Amino acid sequence: KLQYDAIKDFAPISLVATVPNIVVVNNALPVKNVQELIAYAKANPGKLSHGSPGIGSTGHLSAELFKTMTGIRMTHIAYKGSAPTLQDLMSGQLQVVIDNIPPYLPQVQAGKIRALAVTPARRSPAAPELPTLDEAGVKGYEASTWFGLFAPAGTPADIVAKLAAETGRILSLPDVRERLLGLGAHPAANTPEEFASFVRAEVGKWAKVIRDANVSLD
């Protein structure tokens, strides 16, 4: 029960960055790729637990979309943040997590958990060896965490345009790009019109996921 309308009450300025999600599993789970995970989950319906940093988080909804598109059943366990989610994944309390790539990649590289795929439409420069879920056989799957700039609805168009142009200029600076890429984020400036269209599409996409999975904050 939000006190605002995500579409009507804001003036989109520009997308700033996207952060890929990563599909990771506990090392004890006998799967080496996405298709093996799907087959294992179908052979053991409801027995796998997948964690997220909170109900309604991008990690949670990305996993619900994955479950819907593959027809598998897993039990969702919500945590308060990525740190305890990662801890329980490494300890074996969880078997599967789909969440933002930055906290998990160092543990993947250390061999403490296993990565199967990333969720955007294109591979991540942070882990170029990992296929996308689309490449791994979940055709049409695409999900990322994103960050953008908004102004209050009714902000003059010339001010919105100036802010968008300045955002694009800043995000093109080599040191800014390097810093964002180092954090696992992809700089992604666009125009106010492009960002508005993107937001409308995202609201519609994730509203359907929420309805289909019967997600509730209660």
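Use the structure listed above.
This section reports on the structure supplied with the text. Once a new chain begins, its residue numbering starts again from 1 and follows that chain's sequence as written. Per-residue local features are limited, in this predicted model, to residues with pLDDT of at least 70; the limit for side-chain atom pairs, both in listing and counting, is 80 or more; totals at the level of whole chains, interfaces and linings are taken over all residues. In computing side-chain properties, one takes all heavy atoms of the structure into account and sets aside hydrogens as well as water.

What the protein chain contains, in helices and strands, is seven helices and seven strands. Secondary structure elements in the protein chain, listed N-terminal to C-terminal, are β-α-β-α-β-α-β-α-β-β-α-α-β-α. The globule rule used here is 2.2 Å times the number of residues to the 0.38 power, and the radius of gyration it is set against is calculated over C-alpha atoms. Taking 17 Å as the expected radius of gyration for a compact globule of 218 residues, we find that the protein chain reaches 18 Å, a close match to that expectation. In terms of overall dimensions, the protein chain has a C-alpha envelope of 55 × 40 × 30 Å along the principal axes. Exposure was quantified through the Shrake-Rupley algorithm and a 1.4 Å probe, taking into account, for residues, occlusion by the shown protein chains and nothing else. As presented, the protein chain carries roughly 11,400 Å² of accessible surface, and 56% of it is formed by carbon and sulfur atoms. Distance from the positive charge centre (21 side chains) to the negative charge centre (19 side chains) of the protein chain: 7 Å. By the criteria applied, helices consist of DSSP H or I runs no shorter than four residues and strands consist of E runs no shorter than two, each listed in order from the N terminus. We treat Lys and Arg as the positive residues and Asp and Glu as the negative residues; His and chain ends play no part in the count. Every charge is mapped to an atom, namely NZ of Lys, CZ of Arg, CG of Asp or CD of Glu.

There is a patch of nonpolar side chains on the surface, built from L2, Y4, F10 and F150 and spanning about 390 Å² of accessible area. Relative to the helices and strands, L2 resides in the segment before β1 (10-26). Note that patches include only residues with greater than 30% relative accessible area and no salt bridge, and the join distances are 9 Å for like charges and 5 Å for nonpolar side chains (Val, Leu, Ile, Met, Phe, Trp, Tyr). Each reported salt bridge corresponds to a side-chain nitrogen of Lys or Arg within 4 Å of a carboxyl oxygen of Asp or Glu.

Turning our attention to the nonpolar core. Grouped together as the largest cluster of nonpolar side chains are 27 residues, with contacts concentrated most on V34, L37, F66 and L133. Listing elements by their share of this core, those giving two or more residues are β1, α1 (34-43), α2 (58-70), β4 (96-100), β5 (113-118) and α7 (192-213). For F66, the contacting residues outside a window of four places in its chain are V34, L37, I38, I72, M74, I98, L133, V138 and Y141. Counting 21 residues, the second-largest nonpolar core is a separate cluster that includes V19, L94, L180 and A185. The definition of a nonpolar core used throughout is a set of buried Ala, Val, Leu, Ile, Met, Phe, Trp, Tyr and Cys residues joined through side-chain atoms within 4.5 Å. Between buried and exposed lies partly exposed: a residue is buried under 20% and exposed over 50% of the maximum accessible area for its type, with that area taken using a 1.4 Å probe on protein chains only. Contacts are assigned to residue pairs that have any heavy atoms within 4.5 Å of one another.

Moving on, we come to the packing of aromatic side chains. Each pair of aromatic rings taken from Phe, Tyr and Trp, with Trp reduced to its six-membered ring, is defined by centres within 6.5 Å and is described as stacked if the planes are under 30 degrees apart, edge-to-face if over 60, and tilted in the remaining cases. Tallied over the full model, the rule gives six aromatic pairs. Measuring from centroid to centroid gives 4.9 Å for F150 and F195, while their planes differ by 45°, and the two rings are tilted. Placement of the pair is F150 in strand β6 (residues 144-152) and F195 in helix α7, with a sequence separation of 45 residues. Residue classification places F195 among the buried positions, given a relative accessible area of 0%. With a centroid separation of 6.4 Å and 25° between ring planes, the pair formed by F195 and F198 is classed as stacked. Linking F195 with F198, this pair stays in helix α7, spanning three residues, or about one helical turn. F198 gets classed as partly exposed once you look at its relative accessible area, which sits at 26%. Within the aromatic cluster, the residues linked to one another by ring pairs are Y4, F10, W146, F150, F195 and F198.

With that settled, consider the side chain of R114. Inspection of the secondary structure assignment puts R114 in strand β5. Of the side chains with opposite charge, E36 comes closest to the buried, unpaired R114, at an N-O distance of 7.3 Å. N or O atoms closer than or at 3.5 Å make up a polar contact, with two conditions inside protein: a donor-capable atom paired with an acceptor-capable one, and, for residues adjacent in sequence, both atoms drawn from side chains. A distance of 2.8 Å separates a polar side-chain atom of R114 from the backbone oxygen of V31. Other than its neighbours up to four places away in sequence, R114 contacts V23, V24, V25, N26, N27, L29, V31 and K32.

To continue, consider the pattern of salt bridges. Taken as a whole, this structure holds four salt bridges when the rule is applied. E64 is paired through a salt bridge with K67; the nearest N and O atoms lie 3.3 Å apart. Linking E64 with K67, this pair stays in helix α2, spanning three residues, or about one helical turn. Given the relative accessible area of 11%, K67 is considered buried.

Each helix should span, by expectation, one fewer than its residue count multiplied by 1.5 Å. In this model, α2 (13 residues) spans 18 Å end to end at C-alpha, consistent with the 18 Å of a helix rising 1.5 Å per residue. Burial in α2 covers these residues: G59, H60, L61, S62, A63, E64, L65, F66, K67 and T70. Residues of α2 that are buried sit in contact with β1, α1, β2 (49-52), β3 (75-78), β4 and α7. Trailing α2 by a residue or two, G71 shows a phi angle of about 75°, which is positive.

Okay, helix α5 (residues 157-171) next. The end-to-end C-alpha distance of α5, which contains 15 residues, comes to 21 Å, matching closely the 21 Å that a straight helix rising 1.5 Å per residue would cover. Looking only at α5, the buried set comprises V160, A164, T167 and L171. Seen along its axis, α5 keeps its buried residues to an arc of 60°; they face one direction. Turned more than 90 degrees away from the buried face of α5 sit D158, K162 and A165, all of them exposed. Think of it as the arc spanned by the lines of direction from the helix axis to the C-beta atoms.

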